[in-house]
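If you want the building blocks of each chain, they are given just below.
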Amino acid sequence: VKYPFIVTGDTSFAFAGMESLLEAVARDVSMGVIILDNGGAGSTGGQKRTVEIYNVPDNTQLEEVDFDKTDGDDFIKIFKEMRNRKGISVLVVRI
């Protein structure tokens, strides 16, 4: 795989994805992480998220967008930019 993308929810990322992200950084892996941020745990009843998801490693590129204000062409442009970067790129999509 030339440049993998991972798609995860905000709560899943906070409780399981951060460790994987740290491992990828340590191994100098280039990849894109797309976090769908609805502010809570939708699959278990909608509890509000109580942990921070924006504490990514310093050398990680972080971008945030609002789903309602971003169209398909914007997302394609963002994904292409992420794919051309070295290292980890994180896109948080607030939904």
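Structure: above.
Now for a look at the structure at hand. (Residues numbered from 1 in each chain as written. Predicted model: local features only at pLDDT ≥ 70, side-chain atom pairs only at ≥ 80, totals over all residues. Heavy atoms only, no water.)

1. Notes on the nonpolar core
Residues Phe-13, Met-18, Leu-21, Ala-24, Met-31, Val-33, Ile-35, Val-56, Ile-88, Val-90 and Val-92 constitute the largest nonpolar core, which totals 11 residues. If you list the elements that add at least two residues to this core, you get α1 (10-26), β2 (31-37) and β6 (88-94). Ranked by size, the runner-up nonpolar core spans 8 residues in total, among them Ile-34, Met-82, Leu-91 and Val-93. (Core = buried A, V, L, I, M, F, W, Y, C linked by side-chain atoms within 4.5 Å. Buried < 20%, exposed > 50% of the residue type's maximum accessible area, 1.4 Å probe, protein only. Helix = DSSP H or I, 4+ residues; strand = E, 2+ residues; numbered from the N terminus.)

2. A few points about the sheet that holds strand β5 (residues 61-66)
The pairing of strands in a sheet comes from backbone hydrogen bonds and takes either a parallel or an antiparallel form. Overall, parallel pairing links the 4 strands, which are arranged β1-β2-β6-β5 in an open sheet. In this open sheet, the two edge strands, each paired with only one partner strand, are β1 (5-9) and β5. Taken over all neighbouring pairs, the strand axes of this sheet differ in orientation by 20° on average, direction set aside. Pairing of β1 with β2, which is carried by 5 bridges, proceeds in the parallel orientation. If you follow Thr-8 over to β2, its bridge partner there is Ile-35. (Pairing = 2+ DSSP bridges. Axes fitted to C-alpha atoms, helices over the stretch in contact; angles between N-to-C directions.)

3. With respect to a nonpolar patch on the surface
Side chains of Val-7, Leu-36, Phe-67 and Ile-95 sit close together on the surface and give an oily, nonpolar patch of about 390 Å² of accessible area. With respect to the helices, strands and loops of the structure, Ile-95 is situated in the segment after β6. Residue Ile-95 is classed as exposed on the basis of its relative accessible area of 56%. (Patch = residues over 30% accessible without salt bridge, like charges linked within 9 Å, V, L, I, M, F, W, Y side chains within 5 Å. Areas by Shrake-Rupley, 256 points an atom, 1.4 Å probe, with all protein chains shown as cover. Salt bridge = Lys/Arg side-chain N within 4 Å of Asp/Glu carboxyl O.)

4. A word on the pattern of salt bridges
When charged atoms on two side chains of opposite charge get close, those side chains can pair. Counted according to the given criterion, the structure contains 6 salt bridges. Each member of the salt-bridge network shares a partner with another, and the members are Glu-64, Asp-66, Lys-69 and Arg-94.

5. Description of the packing of aromatic side chains
Each pair of aromatic rings is reported with the distance of its centres and the angle of its planes. In this structure the tally under the stated criterion is 4 aromatic pairs. Arranged with centres 5.8 Å apart and planes meeting at 65°, the rings of Phe-5 and Phe-79 form a pair that is edge-to-face. In this pair, Phe-5 sits in strand β1 while Phe-79 sits in helix α2 (residues 72-83), placing the two residues 74 residues apart along the sequence. You can call Phe-5 partly exposed: its relative accessible area is 34%. Overall, the relative accessible area of 28% leaves Phe-79 in the partly exposed class. Grouping aromatic residues by their ring pairs yields a cluster made of Tyr-3, Phe-5, Phe-67, Phe-75 and Phe-79. (Phe/Tyr/Trp six-rings, centres within 6.5 Å; stacked < 30°, edge-to-face > 60°.)

6. Points about unusual backbone geometry
At Asp-28, a residue that is not glycine, the phi angle is positive and equals roughly 60°. Checked against the element boundaries, Asp-28 lands in the loop between α1 and β2. Classification of Asp-28 by relative accessible area gives exposed; the value is 51%.

7. Observations concerning the pairing of β6
Burial of β6 is extensive: 6 of the 7 residues sit out of reach of the surface. Strand direction decides the pairing type here: β2 and β6, joined by 7 bridges, are parallel. The partner of Gly-32 across the bridge, within β6, is Ser-89. The sheet contact formed by β5 and β6 spans 6 bridges and is parallel. When the sheet's bridge partners are listed, Asp-66 is paired in β6 with Arg-94.

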